Amino acid sequence: MSPLRAHGNGEKEKSPRLGNGVYIDPQSAVIGDVTLDDDCSVWPMAVVRGDMHRIRIGARTSVQDGAVLHITHAGPFNADGWPLEIGEDVTIGHKACLHGCTVGSRVLIGIGAIVLDGAVIEDEVVLAAGALVPPGKKLESGYLYVGAPCRQARPLNDKEKEFFRYSAANYVKLKDQYLTEHDQP
């Protein structure tokens, strides 16, 4: 079965929209109102589920193995719901969970980190492995955040800031190898 599926409620069915050079591993699932911009990659066992609200993922973003990306639907307890918006050059670590939040560009989401509804992560942030971003919390650009709940640990140095683009480019290179080997569109 294809990892790329449409899902609908009977009234209007939405299918994922893919930019150029996107790689979606056959053992992952991308469903619903999802946009993956150019050179994104979705790795084994990752789930990107835009079934009840939209998910937008910027260019060169990598969704690592086992990550779960979802939304909060609009309803009586949250009139507008929470879409999931992710910027460019973002590396989302293995088994991370992003739910109805906003992530800027050039961000590293650590392995097993959790980001909850209405949270905002500005550009150039490192969220440590296992960190928890509570609902509605805002993470300021240029810092490392650690812990559960997360707290600002220290400013990022120049080498750490350079890593954002390096990591994104490395995963673009890797997904290009997979696309070539597996003849995906």
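This one's a predicted model, so the numbers in the text were calculated from it and none came from an experiment.

1. Overview of the overall build of the chain
Thought 1: In terms of regular secondary structure, the chain is built from one helix and 22 strands.
Thought 2: Principal axes of the C-alpha set define a box for the chain whose edges measure 45 × 45 × 20 Å.
Thought 3: Looking at the chain as a whole, 45% of its 185 residues qualify as buried.
Thought 4: Nonlocal contacts in the chain, meaning residues at least 24 apart in sequence, comprise 26% of its contacts between residues at least 6 apart.
Thought 5: Total accessible area on the chain is roughly 9,100 Å²; 53% of this is exposed by carbon and sulfur atoms.
Thought 6: With 19 positive and 24 negative side-chain charges, the chain shows a spacing of 4 Å between the two charge centroids.

2. Points about the pairing of strand β8 (residues 47-57)
Thought 1: Summarising the sheet, strand β6 (residues 29-36) and β8 pair through seven bridges and their orientation is parallel. Pairing of I31 across the sheet is with R49, part of β8.
Thought 2: Where β8 and strand β11 (residues 84-86) come together, three bridges link them in parallel fashion. Its bridge partner lying in β11, I57 is registered against I86.

3. Some words on the environment of P135
Thought 1: For P135, the location among the structural elements is in the loop between β19 (132-133) and β20 (138-139).
Thought 2: Residues P135 and D117, spaced 18 residues apart in sequence, show a C-alpha to C-alpha distance of 4.8 Å.
Thought 3: Setting aside residues no more than four positions away along its own chain, P135 makes contact with L116 and D117.

Rules used throughout
Residues numbered from 1 in each chain as written. Predicted model: local features only at pLDDT ≥ 70, side-chain atom pairs only at ≥ 80, totals over all residues. Heavy atoms only, no water. Helix = DSSP H or I, 4+ residues; strand = E, 2+ residues; numbered from the N terminus. Buried < 20%, exposed > 50% of the residue type's maximum accessible area, 1.4 Å probe, protein only. Contact = heavy atoms within 4.5 Å. Areas by Shrake-Rupley, 256 points an atom, 1.4 Å probe, with all protein chains shown as cover. Lys, Arg positive; Asp, Glu negative; His and termini not counted. Charge placed at Lys NZ, Arg CZ, Asp CG, Glu CD. Pairing = 2+ DSSP bridges.

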